[in-house]
Every structure is written in C-alpha cells, then in structure tokens.
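Summary of the model geometry
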Amino acid sequence: MNRKPWIDVVRNHVSLKLGFLLLSIFFIILFSLGSILYSLFLNFYLSHVTGELTQRAHSHAMVLSDHFESMTISHVLRMEKGSSNMVVIQDRYNNVLGSSGEITPQKWTSLSHSHIGLITPIVSEDWKAKPFLVSQYPVLQNGETIGEVTMFSPTAPIRESVNFLRNMLLIAGGITLIIVGGLLFFISRMIVRPLVQMKKATGEIAEGKYSIELPIKGNDEVAQLAESINDMSHRIRFYQEQRNEFLADISHELRTPITYLKGYSDILSQIDLPVEERLQYVKIIGEQSSRLQRLVKDLFDLSRMEQGDFSFHINRFRIDEAVTDVLSLVEVSMDDKNIHLEYFPPETPLFIEGDRERITQVLINILENARKYTPPGSSVYVRVAKNDNSVVIEIEDTGPGIPESEIAYVTERLYRVEKSRSRETGGSGIGLAISKEIIEKHHGTLRINSVEGHGAAFIIQLPVALG
Ligand SMILES: Nc1ncnc2c1ncn2[C@@H]1O[C@H](COP(=O)(O)OP(=O)(O)OP(=O)(O)O)[C@@H](O)[C@H]1O
Ligand SMILES: [Mg+2]
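Residue indices follow the written sequence of each chain, beginning from 1 at its first position. Chains and ligands are labelled by the order in which they are written, letters from A for the one and numbers from 1 for the other. Totals for whole chains, interfaces and linings use all residues, but because this is a predicted model, local features are given only for residues with pLDDT of at least 70 and pairs of side-chain atoms are given and counted only at 80 or more.

1. Some points on the overall build of the protein chain
Helix and strand definitions follow DSSP, with helices as H or I runs of at least four residues and strands as E runs of at least two, each counted in order from the N terminus. The helix and strand inventory of the protein chain stands at 12 helices and 11 strands. Relative to its full complement of 467 residues, the protein chain shows a buried share of 21%. By definition, residues are in contact whenever their C-beta atoms, placed on the basis of the backbone, come within 7 Å of each other. Here the contacts in the protein chain between residues at least 6 apart in sequence split such that 64% fall between residues at least 24 apart. With C-beta atoms placed from the backbone, the exposure class of a residue follows from how many other C-beta atoms lie within 10 Å of its own: 20 or more, buried; 12 or fewer, exposed; in between, partly exposed.

Spelled out as structure tokens, the structure:
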C-alpha cells in the first residue's frame, strides 16, 4: 500500500501519536466552543440591531398616526439625521413625503416593493448579502393606512463586527492551538523519553552489552518497567558470568582425569613393564574413567533436572525406612574411618510421595560428604521427625563445618570449599547441587547450618504424603 511518509512517521512514534490524539481532541473542543460563541454573539447582536430598528420605525409610525403633518414629518426626519439609520416617509400612494438621507436605487427597490397596509416590521434581514436592513410600518388613522414609515439600517457595520469577531476567534484559537500543541508534544515526549531509552537499552542487551543501568524516577509503571529491564540485564550478566565460570570449571575438572588416562595409557604401552605394575596402572585408569563417567552423568542429570526434562518415578513410601536402608549402607565405611553414627528415628512411621531412588541418592550424597569431610573420631547424627505437614531429616556432623560466606555456594555445581583438599577426596563439587535440585523438584527445601570449626547440619524438609 502506498501510504504517505508522514503517516508512517506518526505511526512509528508514540509521542507523535499521543500528541496528535490530544491535539485533535483539543481542536474539536476549541472548534465547538468557538462556533457556539460565534453564533451566540451573532444572534445577540442581530436581535439587538433589528429590535432597535423596528422599535424606532414603530414609534415613528405611532407619532405620525397622531399628527400626519409636515411639522411632525420634519421632526422625525431630524431625529434620524444624526444616526446611521435613514428614515423615509411615504403617503398612501407611495409618494415620498420626506427622507433623512439620499434614496439610492437599491433603497427605491425596497420602497417600491413595499405593500402599504401590511404590517411588516422587518422587510429584509439578509445582512450578509444586502447592504441594508429594512423595517416598514404603516401609519394608521382610524384603522386606515394613510402612509408608511420605512427605516434603513446599513449592514456594513454588522459585517465588520462579525468579521472582526471571527478573526479574533480564529487568532485566539490559532495561538491556543500552537501553545497547547507545543505543550502536548513536550509532555508526550517527557512520557515517551524513558520508553525510548528503554528501547535503546534492550537493543544494547540484545547485542550483548549487559552493563545497562536505566535511570529510575518515581514508582509508576514506566519506572517499574525500567527497573525490570535493569533487573533483567543484571540477571543475564549473572548467567553469562556463571556460564563462563562453569565452562572454565568443567574444563579444569575434565583435565585431571584425562591427564591420568593419557599418562598411564602411555606408560602401559611400554612393553617391558612388570605385570604387577601394569595391573596397578590399569586400576588407576579404571578409577579415573569411573570418575569421569560419574561426573558426566551427574552433570547431564543436573542439566536435565534444571530444564524440567528429568522423569521421576513418584511413589508413596516410608521415608524413615529409606533412611534406615541408607544408614546400613554407609555404616561400614563410617566405622572404617572411626566415625560415630547415631540415628534418631521418628515416633511414628512417616510417608512421603517421591522418587525413592533419587531421595536415597540425596541421603547418600550428604552422608558421604559427612564421612569424607569429617576427621576420624567425630560424630554424625541423623534425625527424622515430623513438623506440621513436613518431614524433617537432619544430618549433622561434628567436622570442620563450612565457612558462613561459602554456605550459599556449596549447592552450586562444581563448587568446593577447599579445592585441593576435596579433590584428594575425589569430589567434583556436584553432589550437593544435584541433591538440592532433587529436593526442590519434590517441593521441599535443603538448608545448611554451619559454624566453621563446629560441624555442619544439612536439613531436608519434604511434604508429608496425605492419607
Ligand atoms: N559435611 C561437610 N563438612 C564440611 N564441608 C562440606 C560438607 N559437605 C560438603 N562440604 C563442602 O561442600 C563442597 C561441595 O559438596 P558436594 O557434595 O557438592 O561436592 P563434593 O563432595 O566435593 O563432590 P561430589 O559430591 O560431586 O563427589 C565440598 O567440596 C566440601 O568442600
Ligand atoms: Mg559430595
């Protein structure tokens, strides 16, 4: 379609759209008010002029009815001499008995067309086209018409006044429109300016510049939008940084086992290696491969869980039983490290709805951590209890604990408090990230309480199964 370019300009700018809309409304109001004012003035002015003219003609006719003689006629003519009006007095045969001014051919037409005997107060009211307003009255004596009084009032002053008024209204309207138009565009620009800034900001975000900080003035919808955009850019920046960090961490994590695999397989390729040594290296290669396999599997599970793409097999089961099963599984390794393990079961059996295998995985992760990061001779306490509508599982140890500033991070993937120490223990920092994700997918929470040097407590809260 072939649209005019200015229509496109208006369509593409909110400020112009708003300005035009308000201006059109204002113009309609101004135009209606102007028209009303104009016609009110015109009616008032015309009725004043015609009223005065007929009234004068009528009063002259009345005076002449009493004394239709030359003295009264000249008296009437003299009265009108000084005014802008003109009076013509005729007898019953249309003969002019006197006039207060010159009778032009146009005036003659009015006079010759008059019908003596009829009361026609205003003969001609057409002030726009005719040069005069004409008012005629018969002079009556005993019910008989003996003459006629015709009065002429020039229409030029009326036209001048009306033109003057119209021009004044137009000028006033024009000036008001210009002022209001300017004001409206200014106001709409003021409203729209933040939007334009936001458009620019989101464009920059799209180009990958996340350090956007839009100014926030007030608390209206526009300010809230600016706040949301700022928030969005912070989040994107955070995720971007996290992604970069994650990539760096994962490559670091992969490098160690791969270096082992490469190194030992190189050694194995030497022919003159004793069998014992050879078996030892094969064992190391096996261990590193398992570690790599576990890491990749864990990362894969975690990312599927985060995307909501992981299927859980939900069943109703006894959580206290699941805890007991896990405890009997870790008991031996705890004993081996001389760690005292103590269990405080709930008073009654407790049921939850969930994926038993995944919940077991969480419990193993946490208990395994307690064993790994707690020195020999320490204790691990496991408590299961009901609190309102939740099952609370608390696993507390008396080990070194987690520094307060790091508690928030240990549930992030690949995060370890002391990188070198925990690498010795074979951890890659993904256990708690998976545990947290699993618990949250079960509509529960995983909290960590710890004071450095005084142990750590991991508190799982899950909804109790109904019925
Ligand atoms: N009971 C605990 N006491 C002290 N520190 C702990 C404890 N549990 C976890 N941590 C710290 O939190 C970090 C993260 O734990 P997480 O289980 O996520 O990873 P990991 O044990 O290092 O490796 P993975 O579990 O993947 O084998 C650990 O590296 C450790 O530094
Ligand atoms: Mg762990």
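2. What about the site of ligand 1?
Using a C-beta atom placed from the backbone, a residue is described as near a molecule or strand when that atom lies within 6 Å of it. Neighbouring ligand 1 are 23 residues, the closest being Arg416, Val417, Gly427, Gly431 and Leu432. Of all elements in the fold, only helix H9 (356-373) and helix H12 (431-441) reach the threshold of two or more residues within the shell around ligand 1. Ranked by the residues each element gives to the shell around ligand 1, the list is headed by H9, at 4 residues. Of the residues that constitute the shell around ligand 1, the class distribution is 11 nonpolar, 9 polar and 3 charged. All amino acids are sorted into three groups, where Ala, Val, Leu, Ile, Met, Phe, Trp, Tyr, Cys and Pro are nonpolar, Asp, Glu, Lys and Arg are charged, and the leftover types, Gly among them, are polar.

3. Details of the sheet that holds strand E9 (residues 390-397)
Reading across from one edge, E6-E8-E9-E11-E10 is the order of the 5 strands in this open sheet, with mixed pairing throughout. For this open sheet the edge positions go to strand E6 (340-344) and strand E10 (445-450), each flanked by a neighbour on one side alone. The average undirected angle you get between the axes of adjacent strands in this sheet is 15°. Paired strands are those between which DSSP finds at least two bridges. Strand direction decides the pairing type here: E10 and strand E11 (residues 456-463), joined by 6 bridges, are antiparallel. Counterpart to Asn449 in the pairing with E11 is Ala457. The sheet strands contacting helix H8 (residues 319-336) are E6, strand E8 (379-387) and E9, and the helix crosses E8 at an angle near 180°. As a rule, the C-alpha atoms of each element are fitted with a line to give its axis, helices using only the stretch in contact, and angles between N-to-C directions run from 0 to 180 degrees. Where H9 meets the sheet, its contacts fall on E8, E9 and E11, and the angle it forms with E9 comes to roughly 20°.

4. Points about the pairing of E8
Judged from the 5 bridges that link them, E6 and E8 form a sheet pairing that is parallel. Each bridged residue has a counterpart across the sheet, and for Tyr343 the counterpart in E8 is Val382. Relative to E9, E8 runs antiparallel, the two sharing 8 bridges. Note that in E9 the partner of Lys386 across the bridge is Val391. Hairpin connection, E8 to E9: the antiparallel pair is bridged by 2 residues, and Asp388 has positive phi, about 55°.

5. Some details on H9
Take the number of residues in a helix, subtract one, and multiply by 1.5 Å to get its expected span. Given a rise of 1.5 Å per residue, 18 residues ought to cover 26 Å, and the 26 Å separating the end C-alpha atoms of H9 matches this to within 8%. All of the buried residues in H9 are Arg358, Ile359, Val362, Leu363, Asn365, Ile366, Leu367, Asn369, Ala370, Arg371 and Tyr373. In this fold, the buried residues of H9 make contact with H8, strand E7 (351-354), E8, E9, H12 and E11.

6. Examining the sheet that holds strand E1 (residues 86-91)
Pairing in this open sheet of 4 strands is antiparallel, and the strands run E2-E1-E4-E3 from one edge to the other. Looking at the sheet topology across the chains shown, the edges are occupied by strand E2 (96-99) and strand E3 (132-141). Across this sheet, the average inter-strand angle for adjacent strands is 20°, counted without regard to direction. With 3 bridges connecting them, E1 and E2 associate as antiparallel partners. Within E2, the residue paired with Val88 across the bridge is Ser99. Here helix H2 (residues 14-66) sits on the sheet and contacts E1, E3 and strand E4 (144-154); the angle it forms with E3, its principal contact strand, is near 25°. Packed on one face of the sheet, helix H3 (residues 70-81) meets E1 and E2 and runs near 160° to E1.

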